[in-house]
Amino acid sequence: MSSPAVVRTESAPPPKPVQRLGDRIFSGSTLTAGALILATLAAVAAFLVVQSAPALTENPEDISIFTSGETFWTYVWPLIFGTLWSSALALLMAVPLAIGIALFISHYAPRRLAQGLGYIIDLLAAVPSVVFGLWGANTLAPMVQPFYLWLTENLGWIPLFAPPASGTGRTILTASVVLAVMILPIITALCREVFLQTPVLHEEAALALGATRWEMIRMTVLPFGRAGIVSASMLGLGRALGETMAVAMVLSSSGAISFALLTSSNPSTIAANIALSFPEAYGLNVNVLIATGLMLFAITLVVNAIARYIINRRKEFSGAN
């Protein structure tokens, strides 16, 4: 008896998914937006490079903004130093305070109080930089000047507090305090949102094992939010690096490179120097100022690249995965 023939049928290919018009429009718009960002960044970089070329190639003696024997690099180096120094001081003061405020709002304060504090912190980010500059120059600087005098008299042997103290209080430390206040809302708001995303099961497990609230935060919240803290800090650093009016109004600069925080010989920053010098600049002087802007652009790119590297290294240990 012959076995029945086996009929093999090939399975039909799966139907192609039908993409709706709304999905196609959304996908195309997001792709366009991403490409537009890259194109804008490339256009800005090209403009800065082209406009900066004369400042780097022309004879420094033909540029009136330079003093005798000065070159572009000797002119821009104190500005780079002042930009990095003031921003680093501001970040050093703002990050611990921002983390503490964010932890208090997210894990310690009652719900109603936490909501009110959150609104206040968010409103601080909307205050114009000119207002911070007026506050720093007219209120903060005179208020801290006696304290600066006390520091130089009692701790003047420390290089950071070397005398003589500024008679106006408009020093690099005062400008850094103003910058710290300005970047505090940004860092606090982002850290608060990151801390609130910590899995509740992780927190409850730590508490169930007998951990105190601080031990629970140290074991679960902070490791989970480590990448977010770095991101928030780098965003605040970017704001501090590019801040113009507040620093220009508060800082009494002399162009010197000094780590002393309380003297009247303070390095200026790139952004403040451009704002103060650009209205009277002409000819090659404009190209010099644009070239200093190119240096600030490069510093910002390097800072963001370092932040991205740190985040990529640390995110596998953050608990988010």
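Residues numbered from 1 in each chain as written. Predicted model: local features only at pLDDT ≥ 70, side-chain atom pairs only at ≥ 80, totals over all residues. Heavy atoms only, no water.

Participant: Help me understand the overall build of the protein chain in this model?
Facilitator: Scanning the protein chain from terminus to terminus reveals 11 helices and 0 strands. Each helix (α) and strand (β) of the protein chain, taken in turn from the N terminus, gives the series α-α-α-α-α-α-α-α-α-α-α. For the protein chain, the C-alpha radius of gyration of 27 Å lies well beyond 20 Å, the compact-globule estimate for 321 residues. Dimensions of the protein chain along its principal axes, counting C-alpha atoms only, are 110 × 60 × 35 Å. The buried share of the protein chain, reckoned over its 321 residues, is 39%. Expressed as a percentage of contacts within the protein chain between residues at least 6 apart in sequence, the contacts between residues at least 24 apart total 78%. When the accessible surface of the protein chain is totalled, it reaches about 18,600 Å², and 67% of it is carbon and sulfur. Computed over 16 positive and 15 negative side-chain charges, the inter-centroid distance for the protein chain is 16 Å. (Helix = DSSP H or I, 4+ residues; strand = E, 2+ residues; numbered from the N terminus. Rg over C-alpha atoms; globule rule 2.2 N^0.38 Å. Buried < 20%, exposed > 50% of the residue type's maximum accessible area, 1.4 Å probe, protein only. Contact = heavy atoms within 4.5 Å. Areas by Shrake-Rupley, 256 points an atom, 1.4 Å probe, with all protein chains shown as cover. Lys, Arg positive; Asp, Glu negative; His and termini not counted. Charge placed at Lys NZ, Arg CZ, Asp CG, Glu CD.)

Participant: I would appreciate a short explanation of unusual backbone geometry in the present structure.
Facilitator: Both trends apply: most residues other than glycine have a negative phi, and most peptide bonds are in trans. Geometrically, the link from Pro163 to Pro164 is a cis peptide bond, its omega value of 0 degrees lying close to zero. Here Pro164 lies in the loop between helix H4 (129-155) and helix H5 (172-196).

Participant: Could you clarify how one ought to interpret the packing of H5 against helix H8 (residues 226-242) in this entry?
Facilitator: In a packed pair of helices, the relevant descriptors are the angle between the two axes and the axis-to-axis distance. Two elements in contact, H5 and H8, have axes whose closest approach is 9 Å; the angle formed by their N-to-C orientations is 155 degrees. The angle between the axes of H5 and H8 places the two elements in the roughly antiparallel class. Seen from above, H5 lies across H8 with right-handed handedness. Contacts between H5 and H8 involve Leu179, Met182, Ile183, Ile186, Ile187, Leu190, Cys191, Val194 and Phe195 on the former and, on the latter, Gly228, Ile229, Ala232, Ser233, Leu235, Gly236, Arg239 and Ala240. In terms of residue class, the contact of H5 with H8 is made up of 13 nonpolar, 3 polar and 1 charged. (Axes fitted to C-alpha atoms, helices over the stretch in contact; angles between N-to-C directions. Parallel < 35°, antiparallel > 145°, perpendicular 65-115°, else oblique. Left-handed = near helix turned anticlockwise from the far one by under 90°. Nonpolar A, V, L, I, M, F, W, Y, C, P; charged D, E, K, R; others polar.)

Participant: Explain the packing of aromatic side chains to me, please; I cannot follow it from the model alone.
Facilitator: In this description, an aromatic ring pair is defined by two values, namely the gap between the centres and the angle between the planes. Evaluation of the coordinates by the stated rule reveals 5 aromatic pairs. Measuring from ring centre to ring centre gives 5.0 Å for Phe81 and Phe259, while their planes differ by 85 degrees; the resulting arrangement is edge-to-face. Taken together, the residues span a long stretch of sequence, with Phe81 in helix H2 (residues 72-108) and Phe259 in the loop between helix H9 (245-250) and helix H10 (270-277) at a distance of 178 residues. Judged by relative accessible area, which is 10%, Phe81 ranks as buried. A centroid spacing of 5.1 Å and a plane angle of 80 degrees characterise the contact between Trp85 and Phe259, whose relative ring orientation is edge-to-face. Here Trp85 is found in helix H2, whereas its partner Phe259 is found in the loop between H9 and H10, with 174 residues between them in sequence. (Phe/Tyr/Trp six-rings, centres within 6.5 Å; stacked < 30°, edge-to-face > 60°.)

Participant: Would you mind showing me how to read the nonpolar core here?
Facilitator: One broad rule of soluble globular proteins: the nonpolar side chains tend to lie buried together. Counting residues in each nonpolar core, the largest one holds 75 residues, and the members touching the most others are Ile187, Cys191, Phe195 and Leu261. Looking at this core, the element that brings in the most residues is H2, giving 16 residues. When residues no more than four places from it in sequence are discounted, the contact partners of Phe195 are Ile99, Ala102, Leu103, Ser106, His107, Val221, Leu222 and Ile229. (Core = buried A, V, L, I, M, F, W, Y, C linked by side-chain atoms within 4.5 Å.)

Participant: Would you explain the pattern of salt bridges in this entry?
Facilitator: A pair can form between side chains of opposite charge whenever their charged atoms are brought close. What the rule picks out here adds up to 3 salt bridges. Residues Asp122 and Arg192 are paired through a salt bridge, measuring 3.6 Å at the closest nitrogen-oxygen approach. Within this pair, whereas Asp122 is found in helix H3 (residues 111-124), its partner Arg192 is found in helix H5, the two being separated by 70 residues in sequence. Accessibility expressed as a relative area gives 37% for Asp122, which makes it partly exposed. Here Arg239 and Glu243 are joined by a salt bridge, their closest N and O atoms 3.5 Å apart. Residue Glu243 is classed as buried on the basis of its relative accessible area, which comes to 6%. (Salt bridge = Lys/Arg side-chain N within 4 Å of Asp/Glu carboxyl O.)

Participant: When you look at a nonpolar patch on the surface in this model, what are you seeing that I'm missing?
Facilitator: Together, Phe104, Tyr108, Leu113 and Trp214 make up an exposed nonpolar region whose accessible area comes to about 400 Å². Examined against the element boundaries, Phe104 turns out to sit in helix H2. (Patch = residues over 30% accessible without salt bridge, like charges linked within 9 Å, V, L, I, M, F, W, Y side chains within 5 Å.)

Participant: What exactly am I supposed to notice about the confidence of the model for the protein chain here?
Facilitator: Do not read the predicted coordinates in detail wherever pLDDT is low. On average, residues of the protein chain score 84 in pLDDT, and 92% of them are at 70 or above. Of all helices and strands in the protein chain, the one with the weakest mean pLDDT is H3 (83), whereas H5 scores best (91). Below pLDDT 50 for its whole length, residues 317-321 participates in 10 contacts with residues either more than four positions away or in separate chains. (pLDDT = per-residue confidence, 0-100.)

Participant: How should I be thinking about the environment of Met249 in this particular structure?
Facilitator: Topologically, Met249 is positioned in helix H9. The residues contacting Met249, other than those within four sequence positions of it, are Val130, Gly133, Leu134, Ala137 and Arg170.

Participant: How should the side chain of Thr198 be read in this particular structure?
Facilitator: Summarising the element assignment, Thr198 is placed in the loop between H5 and helix H6 (200-208). Assessed through its relative accessible area of 4%, Thr198 is described here as buried. At a separation of 2.9 Å, a polar atom in the side chain of Thr198 contacts the main-chain carbonyl oxygen of Phe195. Those residues within four positions of Thr198 in sequence are excluded, and the remaining contacts are Glu203, Thr220, Val221 and Phe224. (Polar contact = N/O pair within 3.5 Å; in protein donor to acceptor, adjacent residues only side chain to side chain.)

Participant: Just checking my understanding: could you explain the environment of Val302 for this structure?
Facilitator: Counting through the fold element by element, Val302 comes out in helix H11 (residues 284-314). With a relative accessible area of 47%, Val302 lands in the partly exposed category. Through-space distance from the C-alpha of Val302 to that of Ala88 is 15 Å; in sequence the pair is 214 residues apart.

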